[in-house]
Amino acid sequence: FIRNFPGDPSPGGSVWSRLDYTHIGAINPGTSGTAGRQAGIKLPFRTYMITILSTGTGYVSHQILTDKGFPLSMVDIQKKKLLRIIYHIRGIVTDLIHVNEIVYFSTYGVRPPYTLRIYRLIQSDDRAKEIYRQESADYKFKLAAFEDILYVPLLPGRTITTEPEMKLIDLSGNMIAGLG
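Residues numbered from 1 in each chain as written. Predicted model: local features only at pLDDT ≥ 70, side-chain atom pairs only at ≥ 80, totals over all residues. Heavy atoms only, no water.

Some remarks on the environment of Leu168
Argument step 1. One can find Leu168 in strand 16 (residues 165-170).
Argument step 2. Separated by ten residues in sequence, Leu168 and Gly178 place their C-alpha atoms 6.2 Å apart.
Argument step 3. When neighbours within four sequence positions are excluded, Leu168 is seen to be in contact with Ile149, Leu150, Tyr151, Asn174, Met175, Ile176 and Ala177. (Helix = DSSP H or I, 4+ residues; strand = E, 2+ residues; numbered from the N terminus. Contact = heavy atoms within 4.5 Å.)

Take a look at the structure:
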């Protein structure tokens, strides 16, 4: 079963999600229980968030700090295999989306000053490029997109005494507006 894990529909219509701590797999929404589960992909770390591109390439976040930073796995859902692991991500991934076949993700720094970051994945060399940052111990970024704008609600992080806030950021990382 799925434990409150964000899934993403694949090009074939199945929803990909966590099957257990280190496996992701497709679940056919037309069936119930384990009958809809297809063979999954084993990953080296506990899985957290998934986003699947129309090409069948998927990206999976992991909330483990390694000696190379936080990892992001790249998988091929059609061949059901791990392609590579992308390292050097500075912070726990708090959201993972794709816009026009480009992957964006937000992170929360684990040490003071708890820097919040938004990255764009450069797929030509599997490098995470930081496009926006903000110092804050009181919020975590979430991401949503419409057309060429990232809508970035700031959710309470370490405390719940903060006021809601939203940022509008273009896909290059330039702030358009701040609300709240």
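There is more to say, and it comes next.
Focus: the pattern of salt bridges
Argument step 1. The final tally for this structure, using the stated rule, is five salt bridges.
Argument step 2. Here Arg133 makes a salt bridge to Glu130, at a shortest N to O gap of 2.8 Å.
Argument step 3. Overlapping salt bridges, with partners in common, bring together Arg117, Glu130 and Arg133 in one network. (Salt bridge = Lys/Arg side-chain N within 4 Å of Asp/Glu carboxyl O.)

Description of the sheet that holds strand 8 (residues 81-89)
Argument step 1. Judged by pairing direction, the sheet is antiparallel, and its four strands sit side by side in the order 5-6-7-8 without closing on themselves. The open sheet is flanked by strand 5 (50-52) and strand 8, the only strands paired with a single partner. The mean inter-strand angle of the sheet, taken between neighbouring strand axes irrespective of direction, is 20 degrees.
Argument step 2. Strand direction decides the pairing type here: strand 7 (residues 70-76) and strand 8, joined by six bridges, are antiparallel. (Pairing = 2+ DSSP bridges. Axes fitted to C-alpha atoms, helices over the stretch in contact; angles between N-to-C directions.)

Here's the deal with the packing of aromatic side chains
Ring pairs (aromatic) are described by centroid distance and by the angle formed between their planes.
Argument step 1. One pass over the structure, following the stated rule, counts three aromatic pairs.
Argument step 2. For the ring pair Phe105 and Tyr119, a centre distance of 5.0 Å and an interplane angle of 20 degrees mean the geometry is stacked. Pair noted here: Phe105 is in strand 10 (residues 102-108) and Tyr119 is in strand 11 (residues 115-122), with a separation of 14 residues, a long-range link. Neither Phe105 nor Tyr119 differs from the other in exposure class; each is buried.
Argument step 3. With a centroid separation of 6.1 Å and an interplanar angle of 45 degrees, the aromatic rings of Tyr132 and Phe141 are classed as tilted.
Argument step 4. You can call Phe141 buried: its relative accessible area is 0%.
Argument step 5. Seen from the ring of Tyr87, Lys68 lies directly overhead, with NZ or CZ sitting 4.8 Å from the centre.
Argument step 6. In this arrangement the basic side chain of Lys140 is found over the ring face of Tyr108, its NZ or CZ atom lying 5.1 Å from the centre. (Phe/Tyr/Trp six-rings, centres within 6.5 Å; stacked < 30°, edge-to-face > 60°. Buried < 20%, exposed > 50% of the residue type's maximum accessible area, 1.4 Å probe, protein only. Lys NZ or Arg CZ within 6 Å of the ring centre and 35° of its normal.)

Points about the nonpolar core
One recurring pattern in soluble globular proteins is that nonpolar side chains are buried together.
Argument step 1. Counting residues in hydrophobic clusters, the biggest one holds 17 residues, and the most contacted among them are Tyr104, Ile118, Phe141, Leu150 and Val152.
Argument step 2. Residue assignment for this core shows that the elements contributing at least two residues are strand 9 (92-99), strand 10, strand 11, strand 12 (127-135), strand 13 (139-141) and strand 15 (149-156).
Argument step 3. Among the elements that line this core, the one with the most residues is strand 15, at three residues.
Argument step 4. Each residue touching Phe141, except ones within four places of it in the same chain, is listed here: Thr94, Asp95, Ser106, Leu116, Arg117, Ile118, Tyr132, Gln134, Val152, Pro153 and Leu154.
Argument step 5. Residues Leu53, Phe70, Met74 and Val93 belong to the second largest nonpolar core, which totals 14 residues. (Core = buried A, V, L, I, M, F, W, Y, C linked by side-chain atoms within 4.5 Å.)

Overview of the pairing of strand 11
On a regular strand, each side chain points to the face opposite its neighbour's, so the side chains alternate between the two faces of the sheet.
Argument step 1. Summarising burial for strand 11: eight of the eight residues are buried, a large majority.
Argument step 2. Burial along strand 11 is two-sided: the face carrying Thr115, Arg117, Tyr119 and Leu121 and the face carrying Leu116, Ile118, Arg120 and Ile122 are both buried.
Argument step 3. The pairing of strand 10 with strand 11 spans five bridges and is classified as antiparallel. Counterpart to Phe105 in the pairing with strand 11 is Tyr119.
Argument step 4. Here strand 10 folds back onto strand 11, and the loop between the two strands holds six residues, one of which, Tyr114, carries a positive phi near 55 degrees.

Some remarks on the confidence of the model for the protein chain
Segments scoring low in pLDDT should not have their predicted coordinates read at a detailed level.
Argument step 1. For the protein chain, the average pLDDT comes to 83, and 81% of its residues sit at 70 or higher.
Argument step 2. Within the protein chain, strand 1 (residues 8-9) has the poorest average pLDDT of any element, 56, and strand 7 the best, 95.
Argument step 3. The low-confidence segment residues 1-6 (pLDDT under 50) makes 18 contacts with residues lying over four places distant or belonging to another chain. (pLDDT = per-residue confidence, 0-100.)

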